[in-house]
Amino acid sequence: MPTVADRVAQMVVKQVIEPILDSIFLADSYGYRPNKSALDAVGVTRERCWKYDWVLEFDIRGLFDNIDHDLLLRAVRKHVTCKWVLLYIERWLKAPMVQEDGTTVERSRGTPQGGVVSPILANLFMHYTFDVWMVRTHPGLPWCRYADDGLVHCRNQQEAQALKSALQARLAECRLELHPTKTKIVYCRDGKRKGKYPNVKFDFLGFCFRPRLVQNFRDKTLFGSFNPAVSPSAMKAMREAIRDLKLWHQTQLTLQDIARELNPLLRGWTGYYGRYARSGLYPLFRYINLKLRTWVMRKFKRFKHHTVQASQFLQKLAKERVDLFVHWRIVVAGTFA
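Throughout this description, residue numbers start from 1 for each chain and increase along the sequence as written. Per-residue local features of the predicted model are confined to residues with pLDDT of at least 70, and side-chain atom pairs are confined, for both listing and counting, to 80 or more; whole-chain, interface and lining totals are unaffected and use all residues. Think of the side-chain values as coming from all heavy atoms in the structure, minus any hydrogens and water.

As for the sheet that holds strand 4 (residues 143-146)
For step 1, the next point in the chain: When DSSP finds two or more bridges between two strands, those strands count as paired. Strands are runs of DSSP state E lasting at least 2 residues, helices are runs of H or I lasting at least 4, and numbering of each runs from the N terminus. With respect to topology, 4 strands assemble into an open sheet ordered 4-5-1-6, the strand pairing being antiparallel. Pairing within the sheet leaves two strands with one partner each, and these edge strands are strand 4 and strand 6 (184-187). Pairwise comparison of adjacent strand axes, ignoring direction, gives a mean angle of 20° for this sheet.
For step 2, the next point in the chain: Of the strand pairs in this sheet, strand 1 (residues 54-59) and strand 6 are connected by 4 bridges, and their pairing is antiparallel. Bridge pairing links Val55 to Val186 in strand 6.
For step 3, the next point in the chain: Between two residues, a contact is recorded if the distance between any of their heavy atoms is within 4.5 Å. For helices, the fitted axis covers only the stretch in contact; all axes are lines through C-alpha atoms, and the angles between them, taken along N-to-C directions, range from 0 to 180 degrees. Here helix 2 (residues 38-51) sits on the sheet and contacts strand 1, strand 4 and strand 5 (149-154); the angle it forms with strand 4, its principal contact strand, is near 155°.
For step 4, the next point in the chain: The sheet strands contacting helix 7 (residues 157-173) are strand 1, strand 5 and strand 6, and the helix crosses strand 1 at an angle near 20°.

A short note on the sheet that holds strand 7 (residues 202-204)
For step 1, the next point in the chain: Taken together, the 3 strands give an open sheet; going across it, the order is 7-8-9, and neighbouring strands pair in antiparallel fashion. One side of each edge strand has no neighbouring strand; the edge strands of this open sheet are strand 7 and strand 9 (222-230). Taking each pair of neighbouring strands and ignoring which way they run, the sheet shows an average axis angle of 50°.
For step 2, the next point in the chain: Along the sheet, helix 8 (residues 232-245) contacts strand 7, strand 8 (207-215) and strand 9; its crossing angle with strand 9, the most-contacted strand, is approximately 45°.

Description of the nonpolar core
For step 1, the next point in the chain: Only buried residues count toward a nonpolar core, which is a set of Ala, Val, Leu, Ile, Met, Phe, Trp, Tyr and Cys residues joined through side-chain atoms within 4.5 Å. The classification of residues rests on relative accessible area computed with a 1.4 Å probe and restricted to protein chains. Under 20% of the type maximum is buried, over 50% is exposed, and intermediate values are partly exposed. In terms of nonpolar packing, the biggest core is built from 55 residues, with Phe202, Phe204, Ile258, Leu262, Leu292 and Phe325 touching the most fellow members.
For step 2, the next point in the chain: The residues touching Phe202, leaving out its near neighbours within four places in the chain, are Thr45, Cys49, Val55, Glu57, Leu151, Lys184, Val186, Phe207, Cys208, Phe209 and Phe226.
For step 3, the next point in the chain: Of all hydrophobic cores here, the second largest spans 46 residues; its members include Val13, Leu63, Ile89 and Leu167.

Considering the pattern of salt bridges
For step 1, the next point in the chain: Salt bridge criterion: a side-chain nitrogen from Lys or Arg within 4 Å of a carboxyl oxygen from Asp or Glu. Going through the model one piece at a time under the given rule, you end up with 15 salt bridges.
For step 2, the next point in the chain: The residue Asp28 makes a salt bridge to Arg48 at a minimum N-O spacing of 3.2 Å. On the criterion of sequence distance, the pair formed by Asp28 in the loop between helix 1 (4-22) and helix 2 and Arg48 in helix 2 is long-range, its members being 20 residues apart. Residues Asp28 and Arg48 agree in their burial class; the two are buried.
For step 3, the next point in the chain: Bridged by salt links that share partners, the residues Asp53, Asp190 and Arg193 form one connected network.

Treat this as a map of the structure, not an account of what it does.
See the structure below:
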């Protein structure tokens, strides 16, 4: 892991090379770039899934650990001329790794683990490995990449299969490989696309894209669409984060204390996962409310064995103090029982 001095030096180098390199990166590269976000990538993917029937979802196995130093340094030297910057980048890349037993291992691939400069170097490597290659060899297929996760939209299944084979060969040329289980071809089934195929959903940046019923805002009718919402794995991670706070046995706390712990997390989660299909977060909100009910039943003796009364107490409080918890402003009714 980089020392504090290394982190400071890497930040200085990043500030020098980022304006140079970011200017050459393509619009559909979203990871670790100024003025671009994961939500931007999710939004553009959502719209393209409505236009294209098929998606090649790909993941690169161990990108940050397997970037070839010679190829990366060739790309860096093409755009960066400052000698001291080049010297430092080469030193960081080739610094031997110290194992837990004290032995050292020489490295010829991989970027510094936890390094401030690693994301932009990985982006540069993927710019030539994938982004420019896609524009040159498959100009008619829109793509989106966030670091080592990417998507390519295809017109038919055969096109997606051919692209997968071509991408495997391309990555092999650059000494990388596709992740065998995280790479798949997906059919974007909706109300008009009726075909039956084994893969009709994929996860991207914490969202699960799959067929869903969506309400028409004009006439309130339901129709089938292919849309994103919070993924099951992201939901599981949020539940675990709430569990790890271990608030529900701490009866010395007040509700205000619990709100101070929870609200920063809830604000971030609703701001991100609530951008598309906010209702997908309702099971999380219900989970939190049931945890609050458990806490109330431990805190107050009058509710010790009275689940219904504890639910009614919280329901009334949520209406009177809707600003206490972030999620109470979004959904309250029927979530405490």
